[in-house]
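So the chains spell out like this:
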Amino acid sequence: MQSFYEATVTRPSAYAPLDGRRSAKVCVVGGGLAGLSTALGLAERGVTDVTVLEARQVGFGASGRNGGFVFGGYSLDCADLLKTLGPVRARELYTLTTDAVDLMRQRIQRYPIDCDATDAGVILANWFDEPARLEAQRRLMRDSFGVDWEPVPASQLASQLKTGRYFGGLFERNAFHFHPLKYVLGVAAAAARAGVRIHEQSPVVRLQRDGAGFVVHTPHGALDAQHVVMAGGGYARKVYAKVERAVLPIATYVMATEPLGTRLSDAIGTRLSDAIDTRAAVYDTRFAFDYYRPLPDTRILWGGRISVRDRAPDVIARLLRRDLLKVYPQLHDVRIEHAWGGLMSYARHKMPQIGRSVDGVWHAVGFGGHGMAPTTVAGELLAAAIAGERPVPDAFAAFGLTPAFGAFGLAAAQLTYTAMQTRDALAERRRPPRSAS
Ligand SMILES: Cc1cc2nc3c(=O)[nH]c(=O)nc-3n(C[C@H](O)[C@H](O)[C@H](O)COP(=O)(O)OP(=O)(O)OC[C@H]3O[C@@H](n4cnc5c(N)ncnc54)[C@H](O)[C@@H]3O)c2cc1C
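Named according to an unreviewed UniProt entry, the protein chain is Gamma-glutamylputrescine oxidase originating from Paraburkholderia bryophila.

So this is what it looks like as structure tokens:
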């Protein structure tokens, strides 16, 4: 089963693999949104002697497979960000992500990138009958981060999302959703038009220090570069241990239903108030939350679960279908036409790792499951630093390349996931949904 995104995109003719010996001022390893945002950010600053090396195809990784939610924040939740950094630096890092949401909107207009962008906001739906939890989140976002997430009473939410599962929600207006693969391909095309060289099917197999610079080796070529940016996400292996040891590849899954036509509004729709757009994307308050959104052709794109295992599409379809029916049993007979998984890269501290190691290699990894705006942040910060505009903000130094302990780390992560999911299941059992409509 092909991903919905791959099935609905026309890729431009392939970027040729790297062949022979070449040179560039900057070599970016990885053609996901972190790598390509860095390349485009450099080009926008007049640094066009840039080469991007991608092991497979542009957008092959998480950036071309994700849920398509674009909103502020990081994988580390805002309360923990505040605890770790204190009010000033936490707000500084959060604001970078809301600026990135705006920058992405601008790039969609400027280049222009046709990526089904739907500027309809995001609803955080409360899975638990605990209004205090939601109110605490609303206050935190308002008081510490300066953003208004609007409360949505349970009755209003239930008329828009036709399920008894939720106990109200919060509406984050400054958010949109889009076809991420079309966006990533658009960013690549904009970078290429500005002079950046992109090579697909060019896995970097070795990175070698050479005087003040580096030689980056692929199976059929080598690139001399003054700067190297490692941006291989959860897919990088055996090239640069310092970065790879600092992240764990964690899987999450997505599926798309058949087009539902008028049946879409049996689940999502019917605008009762002008306040909330019926096309808003939705996620919930559990640790391993569902995330879903209506697509322009009336499908529902549905994602969820986190696991250390990448699973086969038919297994993913079965698991996610069960999750869908738990919320919308009225869709029991819809067909699932696409199902796929992707790997995220997680640091133990759950924040992106953005900066430069003592040996001079730049890195942009660890975006976890909340990466669209943060990869754009990373691209801007690294491009500005490499172009000599300003250094990466100090606050990121608190989230370095701490070891993630490989197989042991994965086992520990799975234990944590199981514990958090059990905690959520127990909380749900104490206060079950009002009615399964
Ligand atoms: C299923 C899923 C759903 C998600 N949903 C959302 C969402 O709705 N909203 C959100 O904000 N975030 C979401 N995320 C997270 C987000 O997609 C990621 O955080 C983000 O895309 C990471 O981008 P990246 O460039 O770091 O990595 P990737 O996009 O994975 O790119 C890394 C690239 O590097 C290449 N590479 C690796 N090794 C080498 C090498 N040796 N040589 C050359 N190239 C190499 C890979 O082939 C890959 O193309 C989701 C992730 C997944 C998997």
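## Let's talk about the overall build of the protein chain
Looking only at helices and strands, the protein chain features eleven helices and 18 strands. A compact globule built from 437 residues would reach a C-alpha radius of gyration of about 22 Å, and the protein chain, at 21 Å, matches this within 12%. In terms of overall dimensions, the protein chain has C-alpha extents of about 65 × 45 × 40 Å along its principal axes. Residue pairs at least 24 apart in sequence account for 78% of intrachain contacts in the protein chain once pairs closer than 6 positions are excluded.

## Some words on the site of the ligand
The environment of the ligand is formed by 40 residues, the closest being Glu54, Ser63, Val204, Gly368 and Met372. Contact distances for the ligand include 2.5 Å between an oxygen atom and a side-chain N or O atom of Ser63. Interatomic distance of 3.2 Å between a backbone N/O atom of Gly68 and an oxygen atom of the ligand. Bound to the protein, the ligand loses 97% of the 1000 Å² it would expose on its own. Elements represented by at least two residues in the shell around the ligand include exactly helix H2 (33-44), strand S12 (248-257), strand S16 (336-346) and helix H10 (372-386). Sorting elements by how many residues they give to the shell around the ligand places S16 first, with three residues. The residue makeup of the shell around the ligand, split by class, is 20 nonpolar, 18 polar and two charged.

## With respect to the pairing of strand S13 (residues 281-284)
By the alternation rule, side chains of S13 split into Ala281 and Tyr283 and Val282 and Asp284, which are all buried. Across four bridges, strand S4 (residues 122-125) lies against S13 in parallel orientation. Looking across to S13, one finds that Ile123 is bridged to Val282. Two elements, S13 and strand S14 (residues 291-294), share two bridges in a ladder whose sense is antiparallel. Counterpart to Tyr283 in the pairing with S14 is Tyr291. Taking the residues between adjacent antiparallel strands as the criterion, S13 and S14 are bridged by six residues.

## Here we look at the pattern of salt bridges
Following the criterion strictly, the structure yields 29 salt bridges and no others. For the salt bridge of Arg11 with Glu6, the shortest nitrogen-to-oxygen distance reads 2.8 Å. Across the pair Arg45 and Glu380 runs a salt bridge, and its minimum N-O distance is 2.9 Å. With Arg45 in the loop between H2 and strand S2 (50-53) and Glu380 in helix H10, this residue pair connects regions lying 335 residues apart in the sequence. Exposure remark for Glu380: the relative accessible area of 18% places this residue in the buried category.

## Side note on the nonpolar core
Residues Leu81, Phe145, Phe178 and Tyr183 are the most contacted members of the largest nonpolar core, which totals 85 residues. With ten residues, the top contributor of residues to this core is helix H3 (residues 78-110). Not counting the four nearest positions on each side in its chain, Tyr183 is found in contact with Leu33, Met104, Arg107, Ile108, Ile113, Cys115 and Phe178. With 34 residues, the next largest nonpolar core counts Leu264, Ile276, Ala280 and Val282 among its residues.

Definitions and limits used
- Starting afresh in each chain, residues are numbered from 1 along the sequence in its written order.
- Note on the predicted model: pLDDT of at least 70 is required for a residue's local features to be given, and 80 or more for side-chain atom pairs to be given and counted; whole-chain, interface and lining totals, by contrast, use all residues.
- The side-chain numbers reported here are obtained from all heavy atoms of the structure, hydrogens and water having been left aside.
- We count a stretch as a helix when DSSP gives it H or I for four or more residues in a row; a strand needs E for two or more, and each element gets its number in order from the N terminus.
- Throughout, the radius of gyration refers to the C-alpha atoms, and the reference size of a globule is 2.2 Å times the residue count to the power 0.38.
- Contacts are residue-level and defined by heavy atoms, with any inter-residue pair within 4.5 Å sufficient.
- Proximity is defined per residue: any heavy atom of the residue falling within 4 Å of a molecule or strand makes that residue near it.
- Polar contact is defined as a pair of N or O atoms within 3.5 Å, subject to the rule that within protein one atom must be able to donate a hydrogen and the other to accept it, and that residues adjacent in sequence are counted only when both atoms are side-chain atoms.
- For every accessible area listed, the method is Shrake-Rupley and the probe measures 1.4 Å; residues are considered covered only by the protein chains on display.
- All residues other than Ala, Val, Leu, Ile, Met, Phe, Trp, Tyr, Cys, Pro, Asp, Glu, Lys and Arg, Gly among them, are scored as polar; the first ten of these are nonpolar and the last four charged.
- The rule is simple: take the accessible area with a 1.4 Å probe, protein chains only, and divide by the maximum for that residue type; under 20% is buried, over 50% is exposed, in between is partly exposed.
- In this scheme, strands are said to pair when DSSP sees at least two bridges between them.
- We define a salt bridge as a side-chain nitrogen of Lys or Arg found within 4 Å of a carboxyl oxygen belonging to Asp or Glu.
- Nonpolar cores are built from buried Ala, Val, Leu, Ile, Met, Phe, Trp, Tyr and Cys residues. Side-chain atoms within 4.5 Å join them into one set.

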